[in-house]
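Structural description and commentary
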Amino acid sequence: MSASAASSSSHPNPWAEPLPKPVSEMGTYLANLPDFAESKRMSVRPTHLEHAAVGHTTGWIVSAGALFSNDPAATGETPAMAGSWMLIREVSKEAALARLGRDIYTVGGAWDMSKATISAVAVAKH
């Protein structure tokens, strides 16, 4: 296994695989991925960030970030992470769900996939 395919934890990186088609032939999906109430996010976050960086390079991940349970811009509070959002490329919604299911945040106990939503979307060209 290549260094980019696995992290120091040796969990396989689902984002390290090459895209199966040109980007123009892939679908784009918006995933809303809430955390479990007792999320293991922080314990697997370094591996997730390492893997996601590879996903940006390979083209699977268009953009991504944290979901907050509060509104830190309006309140000045410290952001309270409650999950993730990801804009990803895949061949189908089912394939997107399967790939997200292999992410360290899923297998490591951060994301509650029973509450996840995945929608096919279009990215506007400006």
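Residues numbered from 1 in each chain as written. Predicted model: local features only at pLDDT ≥ 70, side-chain atom pairs only at ≥ 80, totals over all residues. Heavy atoms only, no water.

Let us look at the overall build of the protein chain. Looking only at helices and strands, the protein chain has four helices and four strands in total. From first element to last, N terminus to C terminus, the protein chain shows the α and β order β-α-β-α-β-α-α-β. Here the C-alpha radius of gyration of the protein chain, 15 Å, is about what a compact globule of 126 residues would show, namely 14 Å. Taken along its principal axes, the extent of the C-alpha atoms in the protein chain is 45 × 40 × 25 Å. The proportion of buried residues among the 126 residues of the protein chain is 38%. Taking as baseline every contact in the protein chain between residues at least 6 positions apart, the subset at least 24 positions apart corresponds to 72%. Working note: accessible area of the protein chain is about 7,000 Å², and carbon and sulfur atoms make up 58% of it. (Helix = DSSP H or I, 4+ residues; strand = E, 2+ residues; numbered from the N terminus. Rg over C-alpha atoms; globule rule 2.2 N^0.38 Å. Buried < 20%, exposed > 50% of the residue type's maximum accessible area, 1.4 Å probe, protein only. Contact = heavy atoms within 4.5 Å. Areas by Shrake-Rupley, 256 points an atom, 1.4 Å probe, with all protein chains shown as cover.)

Bringing the side chain of asparagine 13 into the picture now. Looking at where asparagine 13 falls in the secondary structure, it is placed in the segment before strand 1 (27–34). By relative accessible area, which is 5% here, asparagine 13 ends up buried. At 2.8 Å, the side chain of asparagine 13 and the backbone nitrogen of tryptophan 15 are in polar contact. Separated by 3.4 Å, the side chain of asparagine 13 and the backbone oxygen of histidine 51 make a polar contact. (Polar contact = N/O pair within 3.5 Å; in protein donor to acceptor, adjacent residues only side chain to side chain.)

Relative to strand 3 (residues 81–90), strand 1 runs antiparallel, the two being bridged by eight bridges. Paired with tyrosine 29 across the strands is isoleucine 88, a residue of strand 3. (Pairing = 2+ DSSP bridges.)

On to the packing of aromatic side chains. All chains considered together, the criterion is met by one aromatic pair. The interplanar angle of 80° and the centroid separation of 5.4 Å between the aromatic rings of tyrosine 105 and tryptophan 111 together place this pair among those described as edge-to-face. Sitting above the plane of the tryptophan 60 ring, arginine 99 keeps its charged end 3.7 Å from the centroid. (Phe/Tyr/Trp six-rings, centres within 6.5 Å; stacked < 30°, edge-to-face > 60°. Lys NZ or Arg CZ within 6 Å of the ring centre and 35° of its normal.)

Two faces make up the sheet, and in a regular strand the side chains alternate between them. Strand direction decides the pairing type here: strand 2 (residues 61–68) and strand 3, joined by seven bridges, are antiparallel. Bridge assignment links glycine 65 to a residue of strand 3, and that residue is tryptophan 85.

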